[in-house]
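Observations on the model geometry
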Amino acid sequence: MTCCPEFERLMERGLAEHAQPHQLSGGTIITEIDTEYFLVFGEEPRRFAGVNYCPFCGRVLSRELWNREKKK
């Protein structure tokens, strides 16, 4: 479900989320990136930062960048 084992570990620890933006609860999305992958900061209320690339393996995670690459 994720791009690499390191990102999977972040998700297991609750430091990253894989969800549609409207499914995130208990916090605020602090970026305007079209993605399903978010880094999670703080406790209640949490802050979600969308990511374009995996910080570990570099794979494209945002739909916006993926769609741009697909159109080329």
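Looking now at the packing of aromatic side chains. Throughout the structure, instances matching the rule amount to 2 aromatic pairs. Taking the centre distance of 5.8 Å and the plane angle of 70° together, the rings of Phe 7 and Tyr 37 count as edge-to-face. You can see Phe 7 sitting in helix H1 (residues 5-12) and its partner Tyr 37 sitting in strand S3 (residues 37-41), a full 30 residues away along the chain. By relative accessible area, which is 9% here, Tyr 37 ends up buried. Aromatic side chains Phe 38 and Phe 48 sit 6.5 Å apart centroid to centroid with 80° between the ring planes, which places their arrangement in the edge-to-face category.

Counting residues in hydrophobic clusters, the biggest one holds 9 residues: Cys 4, Phe 7, Leu 10, Ala 16, Tyr 37, Leu 39, Val 51, Cys 54 and Leu 61. Those residues in contact with Leu 39, other than ones at most four positions away along the chain, are Phe 7, Leu 10, Leu 15, Ala 16, Arg 47, Phe 48, Ala 49 and Val 51. By size, the runner-up hydrophobic cluster in this structure holds 5 residues, among which are Ala 19, Phe 38, Val 40 and Phe 48.

The rules behind these values
Every chain's residues receive numbers from 1 upward, in the order its sequence appears when written. Where local features are concerned, this predicted model is filtered to residues with pLDDT of at least 70; where side-chain atom pairs are given and counted, the filter is 80 or more; whole-chain, interface and lining totals use all residues. The side-chain values count all of the structure's non-hydrogen atoms but skip hydrogen atoms and water molecules. Paired rings are identified among Phe, Tyr and Trp, the last through its six-membered ring, by centres lying within 6.5 Å, and are further divided according to the angle between planes into stacked (under 30 degrees), edge-to-face (over 60) and tilted (the rest). Segments assigned H or I by DSSP are reported as helices when at least four residues long, segments assigned E as strands when at least two residues long, and all are numbered from the N terminus. The rule is simple: take the accessible area with a 1.4 Å probe, protein chains only, and divide by the maximum for that residue type; under 20% is buried, over 50% is exposed, in between is partly exposed. What makes a nonpolar core is a set of buried Ala, Val, Leu, Ile, Met, Phe, Trp, Tyr and Cys residues whose side-chain atoms join them at distances within 4.5 Å. A contact between two residues is defined here by any heavy atoms of the two lying within 4.5 Å.

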